[in-house]
Amino acid sequence: MSLPENTTVLIVGAGPAGLTTALSLAHHRCHDFVIVDAVVEGHNLSRAITIHSATVEALASINAADGILSQAIKGKSIRITSRSSQIFEAKFEPLKNHSAHPYALYIPQNVTELVLVQKLQSLGVQVRRPHRVVGMKQNEKDSRITDVSFEDGQIIKARYIIGADGARSIIRSIAGIGFSDPNPANIALDRMVFADVTFEPEPVGPLTLEGHLNGTIFSGNFFLLIPFGNRFNAELTQDGKPITKSIFRVGCAIPSKNGEPPHAPPKEYIQDMIDAYGPVCITSDPSLNPTPVKVDQLIWSTRFKSRSAIADRTFTRLGAAIFLIGDAAHIHSPAGGQGMNLAMRDAIFLADAVTKHIQASAENPDVDDTILQEFADARHARALEIIGFSNTLLKIAGLSYDAYAWWMPFSGASIRDLILRILDGFDFVQSKVAWGLSGLGRR
């Protein structure tokens, strides 16, 4: 697909952050933009699944929430469990006092992207694929323009460049912006495996009901179970074969002592992972589960390292104003489901700042970058805050059940579980946890 020679705004990356930026620009009546992505459509994989209340509000503010609301599962709560019983539940219903969207939405990332692409298409905007950026240099004739070159030899001249091209961002690399963990620490649970599966027979019990994200803590580890029912069967099909059974998203932190997980963990690996760390209702071990179940179809699986990092800065100039958002700007542990949510809110607020700067530049060509720098500083600070929040959740989840000493037969994990079981009886504590996860207090 040929690219235009000039554009005011170039968005590089068509994941949730890039797509949301495009929708927000369109909402603010900035239509001179191009959005490109390096991969062909349908090659993005599903990982993130939760859209929190503050993000739904932000999407609604640009008229981009309806499609997602119609597709997603409205989450009622997040539960913390042992392998066999509930420890704590954070219900979202009390958020109705603070938001028109008192829930979390559970929806696979690839479905979120599909809905956002369809919304863009309804506005007459197409994502241009596949186009991989390979270079950027300041334009020789206009110091406020950057020439962006692509792998196929095409060049776009742009005044604003938004790097939404992921954790290995080429935009960040070319701009010479560093990317590191703000608080490096040795985290035992730094390897994650996620998969979408069906079971035979289908499991039963409270943890298998739609509308809840279940986090099982066991043996110094944590395991995620999210029932999708049949809601996303068509969108999650990989090989064209229809899926008729309920789909479950499972995820597990793999202890370092277990070694590196395989690149695309096979069915047998996922089964062993479930049997070792999952809630008993989905295990195949008859000594634990009186109605044992086994993984039937492995629809999709992935592994990745769970780490935190943030760009040294998210705004710079190389002729054009260059921004980083999403994973190009910051990455998080999956604890709390905060990464994609922050990315989408960043995108919406960035489009507002860029539109204001474009308008100010039209009135005064020599306008400075105060609007842009203030945005970048505020969002950088917010990212640092949320990285700290996610890391705290991860450390709590990863507490060990090993006793402190022979003379103190207690462990951090057992004390955590006891406290959570007690706090589960207090509605105001549940409400406070739901508020923290929702993002309403840290938009």
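Preceding this section is the structure that the text describes.
About the thresholds
Residues numbered from 1 in each chain as written. Predicted model: local features only at pLDDT ≥ 70, side-chain atom pairs only at ≥ 80, totals over all residues. Heavy atoms only, no water. Helix = DSSP H or I, 4+ residues; strand = E, 2+ residues; numbered from the N terminus. Rg over C-alpha atoms; globule rule 2.2 N^0.38 Å. Contact = heavy atoms within 4.5 Å. Lys, Arg positive; Asp, Glu negative; His and termini not counted. Charge placed at Lys NZ, Arg CZ, Asp CG, Glu CD. Pairing = 2+ DSSP bridges. Axes fitted to C-alpha atoms, helices over the stretch in contact; angles between N-to-C directions. Core = buried A, V, L, I, M, F, W, Y, C linked by side-chain atoms within 4.5 Å. Buried < 20%, exposed > 50% of the residue type's maximum accessible area, 1.4 Å probe, protein only. Salt bridge = Lys/Arg side-chain N within 4 Å of Asp/Glu carboxyl O. Phe/Tyr/Trp six-rings, centres within 6.5 Å; stacked < 30°, edge-to-face > 60°. Lys NZ or Arg CZ within 6 Å of the ring centre and 35° of its normal.

## Here's the deal with the overall build of the protein chain
The helix and strand tally for the protein chain stands at 11 helices and 20 strands. The C-alpha atoms of the protein chain give 23 Å as radius of gyration, which agrees with the globular expectation for 443 residues (22 Å, within 12%). Contacts in the protein chain between residues at least 24 apart in sequence constitute 73% of all its contacts with a sequence separation of at least 6. Mean positive and mean negative side-chain charge positions of the protein chain (42 and 44 charges, respectively) differ by 2 Å.

## Observations regarding the sheet that holds strand β11 (residues 179-180)
What links the strands of a sheet is backbone hydrogen bonding, and the strands pair in either a parallel or an antiparallel sense. Sheet architecture is open: 3 strands sit in the order β11-β17-β20, paired in antiparallel fashion. Bordering the open sheet on either side are β11 and β20 (330-331), each of which pairs with just one other strand. Together, β17 (309-311) and β20 form the strand contacts of helix α9 (residues 370-397), whose direction differs from that of β17 by roughly 175°.

## Some words on the nonpolar core
One finds V9, I68 and F323 to be the most contacted residues of the largest nonpolar core, which totals 87 residues. Among residues more than four places away in sequence, those in contact with I68 are I51, L59, L105, I107, T112, V115 and L116. Core analysis: the next-biggest nonpolar cluster, separate from the first, contains 21 residues, L10, V12, V133 and A328 among them.

## What to know about helix α2 (residues 53-61)
Residues of α2 that are buried: S53, A54, T55, V56, A58 and L59. Tucked into the core, α2 has its buried residues touching α1 (16-27), β3 (50-51), α3 (66-71), β7 (104-106), α8 (339-363) and α11 (427-438).

## A word on the pattern of salt bridges
Should the charged atoms of two oppositely charged side chains come close, the side chains can pair. Within the structure shown, the criterion is met by 17 salt bridges. One salt bridge connects D346 with R379, and the closest N-O pair in it is separated by 2.6 Å. Residue D346 is found in helix α8, and its partner R379 is found in helix α9; the two are separated by 33 residues along the sequence. Under the relative-accessibility criterion, D346 is labelled buried at 3%. For R379, a relative accessible area of 10% puts it in the buried group. Here the salt bridges do not stand alone but share partners, grouping R144, R317 and D369 into one network.

## Things to note about the packing of aromatic side chains
The description of an aromatic ring pair uses the distance of the two centres, along with the angle that the planes make with each other. With the rule as written, the count across this model stands at 6 aromatic pairs. Geometrically, the ring pair formed by F323 and F375 is edge-to-face, given 6.5 Å between the ring centres and 75° between the ring planes. In this pair, F323 sits in strand β19 (residues 320-324) while F375 sits in helix α9, placing the two residues 52 residues apart along the sequence. Across the pair, F375 and F323 agree in class, each one buried. The ring of F179 carries R172 above its face, with NZ or CZ at 3.7 Å from the centroid. Sitting above the plane of the F389 ring, R442 keeps its charged end 4.4 Å from the centroid.

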